[in-house]
Amino acid sequence: MKELKLTCHVEHDDYDDRDTYQGINSQEHNICFSVCNLEWNPEDAIIGRSLFTADDYIQALNKGIELAKKGYDKVIYERVVNEDK
């Protein structure tokens with residue numbers, strides 16, 4: 001089994017350790033994805049700006065197909081919590 005190993009960088013809020021940010025980057029595989037909590041700025045949660053769009057979904061599917069063609073069977077990731085703010 002060929003596994004793609006990624007690192008998910010995580011930031012928490014100051015109160016109850018909920019994730020406020022998650023980001024995955026791999027220059028080697030041209031992967032860049034991040035998401036953040038918009039609890040304090042719900043007006044920013046619009047399609048094409050901060051929400052995962054239909055285009056994003058198609059890009060994710062195509063990336064999966066590309067990685068499968070390269071022989072990857074599985075994606076695993078390690079969560080790394082950023083304690084510095």
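Quick summary incoming for the structure in this document. (Residues numbered from 1 in each chain as written. Predicted model: local features only at pLDDT ≥ 70, side-chain atom pairs only at ≥ 80, totals over all residues. Heavy atoms only, no water.)

**A short note on helix α1 (residues 54-69)**
Under the 1.5 Å per step criterion, the end-to-end length of α1 is 23 Å for 16 residues, consistent within 8% with the ideal 22 Å. The residue sitting at the N-terminus of α1 and contributing the capping side-chain oxygen is T53; that oxygen lies 3.3 Å from the backbone nitrogen of D55. Count one or two residues on from α1 and you reach G71, which has phi positive near 100 degrees. (Helix = DSSP H or I, 4+ residues; strand = E, 2+ residues; numbered from the N terminus. Expected span 1.5 Å × (residues − 1). Polar contact = N/O pair within 3.5 Å; in protein donor to acceptor, adjacent residues only side chain to side chain.)

**Some remarks on the packing of aromatic side chains**
One pass over the structure, following the stated rule, counts one aromatic pair. When the ring centre of Y72 is taken as reference, the NZ or CZ atom of K2 above it lies at 4.4 Å. (Phe/Tyr/Trp six-rings, centres within 6.5 Å; stacked < 30°, edge-to-face > 60°. Lys NZ or Arg CZ within 6 Å of the ring centre and 35° of its normal.)

**Notes on the sheet that holds strand β1 (residues 3-12)**
Strands sit in the order β3-β2-β1-β4 across an open sheet of four strands; the sheet is mixed. Edge positions in the sheet fall to β3 (31-36) and β4 (74-81), since each has one partner strand and no second. The mean inter-strand angle of the sheet, taken between neighbouring strand axes irrespective of direction, is 20 degrees. Relative to β4, β1 is paired through eight bridges, and the arrangement is parallel. Following the sheet pairing, C8 is matched in β4 by R79. (Pairing = 2+ DSSP bridges. Axes fitted to C-alpha atoms, helices over the stretch in contact; angles between N-to-C directions.)

**Concerning the nonpolar core**
Ranked by size, the top nonpolar core spans eight residues in total: L4, L6, C8, V10, I24, I31, L67 and Y72. Counting residues per element, this core draws most heavily on β1, which supplies four residues. Not counting residues within four places of it along the chain, the set of residues in contact with L67 comprises L4, H29, I31 and Y72. (Core = buried A, V, L, I, M, F, W, Y, C linked by side-chain atoms within 4.5 Å. Buried < 20%, exposed > 50% of the residue type's maximum accessible area, 1.4 Å probe, protein only. Contact = heavy atoms within 4.5 Å.)

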